[in-house]
Amino acid sequence: MRIGICGLGTVGFGVLTLIAKNAEEIRRKTGFVIEIAQVGNRNADPLGLNRQIEVASAKGDTWHISTQFTSDIFDVVRNPDVDVVLELIGGTDVALKLVTEAIRNRKHVVTANKALIAMHGDEIFAQAAAAGVQVRFEAAIAGGIPIVKSIREGLAANRIAWLVGIINGTTNYILTEMEQAGTNLRFEDVLKEAQQLGYAEADPTFDVEGIDAAHKLTILSSIAFGTPLQFAAVYTEGISGITSEDIRYADELGYRIRHLGIARKSENGVELRVHPALIRKEEMLAQVNGVMNAVMVASDSAGRTMYYGAGAGAGPTASAVVADVIDIARSEGSTGIANLGFTPKDIQALPVVAIEEIACPCYLRFSVLDQPGVMAQLSTVLSQHDISIEALIQKDAHGGNAEIVIVTNEVIEKSINASIVEIEALSVVQGDVTRIRIADLHE
Ligand code: HSE
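Residues numbered from 1 in each chain as written. Predicted model: local features only at pLDDT ≥ 70, side-chain atom pairs only at ≥ 80, totals over all residues. Heavy atoms only, no water.

A. Here's a closer look at the overall build of the protein chain. Helix and strand counts for the protein chain come out as 14 helices and 20 strands. Relative to the compact-globule value of 22 Å for 443 residues, the protein chain shows a C-alpha radius of gyration of 24 Å, a close match. Counting only C-alpha atoms and orienting by the principal axes, one finds that the protein chain spans roughly 80 × 45 × 35 Å. Taking all 443 residues of the protein chain together, the buried fraction comes to 53%. Of all intrachain contacts in the protein chain linking residues separated by at least 6 positions in sequence, the fraction that spans at least 24 positions is 74%. In the structure as shown, the protein chain presents an accessible area of about 18,500 Å², 49% of it carried by carbon and sulfur atoms. (Helix = DSSP H or I, 4+ residues; strand = E, 2+ residues; numbered from the N terminus. Rg over C-alpha atoms; globule rule 2.2 N^0.38 Å. Buried < 20%, exposed > 50% of the residue type's maximum accessible area, 1.4 Å probe, protein only. Contact = heavy atoms within 4.5 Å. Areas by Shrake-Rupley, 256 points an atom, 1.4 Å probe, with all protein chains shown as cover.)

B. A look at the layout of surface pockets. Approximately 1,000 Å³ is the volume found for the largest pocket. What lines the largest pocket is a set of 45 residues, and nearest its centre among them are V11, G90, A112, K114 and E201. Counting only elements with at least two residues in the lining of the largest pocket, the list comes to helix 1 (10-21), helix 5 (114-131), helix 7 (169-181), helix 9 (205-208), helix 10 (211-225) and helix 12 (314-330). Here the lining of the largest pocket is built from residues that sort into 18 nonpolar, 19 polar and eight charged. Built from parts of two domains, the lining of the largest pocket gets at least three residues from each of domain 1 (2-145 + 315-344) and domain 2 (148-310 + 349-355). The computed volume of the second largest pocket comes to approximately 380 Å³. Put simply, the parts of the chain that give the lining of the second largest pocket at least two residues each are helix 5 and strand 8 (135-136). When residues of the lining of the second largest pocket are assigned to their parent elements, the largest contribution, five residues, is made by helix 5. (1 Å grid on protein atoms, 1.4 Å probe; cavity = no way out; pocket = protein on both sides within 12 Å on 5 of 7 lines; lining within 4 Å. Points joined across faces, edges and corners; volume = space filled by probe spheres on them. Nonpolar A, V, L, I, M, F, W, Y, C, P; charged D, E, K, R; others polar. Domains from an automatic or database assignment.)

C. Focus on the packing of aromatic side chains. Using the criterion set out here, one finds one aromatic pair in the structure. Aromatic pair F125 and F137: ring centres 5.6 Å apart, planes at 25°, arrangement stacked. Taken together, the positions of F125 in helix 5 and F137 in the loop between strand 8 and helix 6 (147-154) put the pair 12 residues apart, joining distant regions of the chain. Each member of the pair, F125 as well as F137, carries the same accessibility label: buried. Here the guanidinium or amino end of R248 rests over the ring plane of Y249, the centre of that ring lying 5.6 Å away. Over the aromatic face of Y255 sits the side chain of R280, whose NZ or CZ is 4.6 Å from the ring centroid. (Phe/Tyr/Trp six-rings, centres within 6.5 Å; stacked < 30°, edge-to-face > 60°. Lys NZ or Arg CZ within 6 Å of the ring centre and 35° of its normal.)

D. Fine view of the domain arrangement of the protein chain. According to the domain assignment, the protein chain consists of domain 1 (2-145 + 315-344), domain 2 (148-310 + 349-355) and domain 3 (359-438). Each of domain 1 and domain 2 has a C-alpha centre, and these two points are 27 Å apart. Facing 25 residues of domain 1, the contacting portion of domain 2 comprises 26 residues. Here domain 1 and domain 2 share an interface that buries about 2,000 Å² over both sides, 67% of which is from carbon and sulfur atoms. Counting the surface domain 1 buries against domain 2, the share from its top three residues, K114, I141 and I145, is 29%. With a closest N to O distance of 2.9 Å, K114 and E201 form a salt bridge. Those elements that place two or more of their residues in the side of domain 1 that touches domain 2 are helix 5 and helix 12. At eight residues, the largest contribution of residues to the side of domain 1 that touches domain 2 is made by helix 5. Residues belonging to the side of domain 1 that touches domain 2 are distributed by class as follows: 15 nonpolar, five polar and five charged. (Buried area = accessible area lost by both parts, 1.4 Å probe. Salt bridge = Lys/Arg side-chain N within 4 Å of Asp/Glu carboxyl O.)

E. Spotlight on the site of the ligand. What surrounds the ligand is the set K114, N168, G169, T170, Y199, A200, E201, D207, D212, K216, G311 and A312. Side-chain polar atom of D207 to a nitrogen atom of the ligand: 2.7 Å apart, as the coordinates give it. Here an oxygen atom of the ligand sits 2.8 Å away from a polar atom, N or O, in the side chain of K216. Against a free-state accessible area of 260 Å², the protein chains account for coverage of 92% of the ligand. Considered class by class, the residues forming the shell around the ligand number three nonpolar, four polar and five charged. (Near = heavy atom within 4 Å. Polar contact = N/O pair within 3.5 Å; in protein donor to acceptor, adjacent residues only side chain to side chain.)

What follows is the structure, given as C-alpha cells:
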C-alpha cells in the first residue's frame, strides 16, 4: 500500500510518526507494510529537501523516513507510485481540486477535512463511485473516536433515532474552564488558551460560532439517516452568548452547559441543530470535560451507545487516518463500504425541520425591577403561550433589580420566541432575555 501525503502540518506529521512507530504492528495485523511514496507540502520545504523526514514520538524515539518530497501537492495526486492520497491540507477550494484530480487519476482518498466532506461530499462520492475508488473520512469527525465506523458498520443493522454529540473540543474546553473557574474567567482569555493547546481552527470563529460542529453534524446525520449532506440546512448557534452566570445558575438547577450537535429523526423530517444546551448533570455527556469529544447514539436494537475520546491532536487524528488506509488496503478489489453506509441509490432527502418548529424545554434569564406584580405579569405572558414553569430562581435585588431564571416545560420554539418578545416588552423587564435550550435525551 503506497500512500502520498498532501499537507505536512500536525496531522501529516502525526501520520508519519504513527506509521513509523507502529509499522511492525500494522504488518502483523494486515500482512502489509504502508510505504510512503511521496510527501507534498504547499509551503516552502520545511525539510530541506533532504529526502529524509525525521519524526519523533512523544517519548522521544526518532525515526528517519525516506521518501520523495515535493513542494507541489498536485505532484502527489499525479504520481503513478501513489495508490492512496491523504488529503491533510484543510480548506475547501484547493482541497476539492486536489481530491477531484486524485479520484480522476484513480487513487483512493483519505481525508481529515470535515468542511470538504460536509460541503462537497455528495459530488466527491459520486466521482469516486464512477472511478471505482474509495473515499474515507473517519478523521473528519471527533478525531480518534471511530464514530464513522461505529455508526456505519457497528450499528449497520439499526435504525438510528437520534445522535447527540460534543464534537468540538475548543468550545467544550471553553465551557468547562468557565465552569471550573467560576465567575472570574473571560471568554476571550479561555479561547486564547484553547488556541495555545492547538485545538482551535485556523479561524477560531469556526469553533466558537459552531460552524466546525455543524460540518461534523452534517456528516454524522447523513451516515445515521441515509440523507444527502445538508450543511446549509443545519441550524447553527455558537457559545459566545454564554456567561459565567448562566453556568452558575445551570449548576444550581442541576445542569451543565455543553455545546451540542443534535440530529434527530422526527415525524416531520430530521432535526439538524448545533447550539449550547443545558444538560442534566447525571447524563454521561455532561461529564465530558476539556477538549474531549463524545457522541451518544440512540438506535432501535442496540439502544443507547456512547463513544468518547480525543477529538483532535496529532496522535488521535493520525489513528483515524491510518485506520482508513488500512481499511482501503483490506478491501482492495471491492468498492468498500458505501461512503454514507447506505447504497447510493437509497440515499433519500428528508425535510429538515425548521428551528421554529422544534420543541424542547428552555432556560430563560433576565433582570426585572424589584417591585410587586412582576411575577404576575410574567406568569400571564407564559400562560398565554401555554408555557408552564418547571423551576424558578429569583436572586436578591441589586440596585433595585432582581435576576430571574426560569426553566420551562417542553415548548415549541416559535411559542418561546413570541413569549420572549413579550417579556422583553414589559416595562418591569430590564434588557434582553437570555434563552438556552435544554437537551432532552428522550427516545
Ligand atoms: N477545532 C476542532 C475542535 C479540531 O476544536 O474540535 C478538531 O476538528
